[in-house]
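These are the residues of each chain, in order.
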Amino acid sequence: MAGRFAPRPTRTTVRGGELAVPAGVPRQVTGPARVRRWVPEGPLDLGLVLGPLRRGPGDPTFRAARDGSVWRATRTPAGPGTLRVHASGGEVRGEAWGPGAEWLLERLPELLGAADEPDAFVPRHRVVALARHRRPGLRLTRTGLVLESLIPSVLEQKVTADEAYRAWRRLVRGFGEPAPGPAGTGERPMWVMPAPRTWALIPSWEWHRAGVDDKRASTVLRAVRVAARLEQAVGMPAAEARARLQVVPGIGPWTSAEVVQRSHGAADEVTTGDLHLPGIVGWALAGDRHADDAEMLRLLEPYAGQRHRAARLILLSGNTPARRAPKMPRVDIGLL
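It should be emphasised that the depicted structure is a prediction, and the values quoted were computed from it without experimental measurement.

Caption draft 1: Representation of the pattern of salt bridges. Under the defined criterion, the tally for this structure stands at 17 salt bridges. Across the pair glutamate 106 and arginine 107 runs a salt bridge whose closest N-O atoms are separated by 3.4 Å. Of the residues examined, glutamate 106 reaches a relative accessible area of 54% and is grouped as exposed. One salt-bridge network, held together by shared partners, links Asp67, Arg84, Arg93 and Glu95.

Okay, here's the thing in structure tokens:
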């Protein structure tokens, strides 16, 4: 019977091979872009504003082009969409493709920090003041989307960044769909992350091949089953949104903070439970490389209402303690 039937389309070839387009998901046809122009109030640095949405240098949903534009492929309530943003001469031009194009363009100003209030921030330390002076274009993005930040944040729990980024790339390319518009074609096409139902149908062995342990995979599966309820959290204050997220087993304070910082543009939601952040903040503000969460929060008290912004500026300052221990070992469970 060999050769009688055409090979069935598969999501993956042999381990380590190329990732094929899932069956039934056609390549997106390039069509005319929908365009919106917007003039921000004050300086705007696209890299600083949208940088937190990038999950590693090979993120298939994010691209920083040589011409200074930023491309982003995402799944909106209206469907998949691709957004290209370019700033020139004090004006921002947004181009969008796909069913989610209108949704993306409507929320373009918020994505670029229009709802943020950087002028409300008052530096209390020289290192923070200097970092702010050097980066006047820093604003906090507000995506209005929960799941797109929640899933990669869960993948980053308790592992190295390289492991998490690899898992995100493999799962999005293996089970997502090509980005609408020109970004979905070419040698390095961009991809839109899978829909909630698709996440729920990923076989257990594919999670394993991506290097994701059962605990993190189970957390993602629990989250996508209540995806609609979690997305409703964008209409809540950040603290209430975090409480709703943490109802899902496996989502704790670290993960919920990482999500609302992006989905809500939450200026005061500082990340606790991080392996490095307390020591970095402690070193920059008090010369204490061994600071814990409690000490970090104490040092950030003068920035109440703006603690996340203060932490970002400290990270951007480059004033971090020298490494005294080897890097966290990388364990690829997909090879076991």
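Caption draft 2: How the structure looks around the packing of aromatic side chains. This structure, assessed with the given rule, holds four aromatic pairs. With a centroid separation of 5.4 Å and 10 degrees between ring planes, the pair formed by phenylalanine 121 and tyrosine 303 is classed as stacked. Taken together, the residues span a long stretch of sequence, with phenylalanine 121 in the loop between α3 (108-111) and α4 (126-134) and tyrosine 303 in the loop between α14 (293-299) and α15 (307-317) at a distance of 182 residues. Assessed through its relative accessible area of 2%, phenylalanine 121 is described here as buried. With centroids separated by 6.3 Å and ring planes inclined at 15 degrees, the aromatic side chains of tryptophan 168 and tryptophan 199 adopt a geometry described as stacked. Pair noted here: tryptophan 168 is in helix α6 (residues 161-175) and tryptophan 199 is in helix α7 (residues 196-200), with a separation of 31 residues, a long-range link. Tryptophan 199 sits in the buried class, given a relative accessible area of 0%.

Analysis parameters
Residues numbered from 1 in each chain as written. Predicted model: local features only at pLDDT ≥ 70, side-chain atom pairs only at ≥ 80, totals over all residues. Heavy atoms only, no water. Salt bridge = Lys/Arg side-chain N within 4 Å of Asp/Glu carboxyl O. Buried < 20%, exposed > 50% of the residue type's maximum accessible area, 1.4 Å probe, protein only. Phe/Tyr/Trp six-rings, centres within 6.5 Å; stacked < 30°, edge-to-face > 60°. Helix = DSSP H or I, 4+ residues; strand = E, 2+ residues; numbered from the N terminus.

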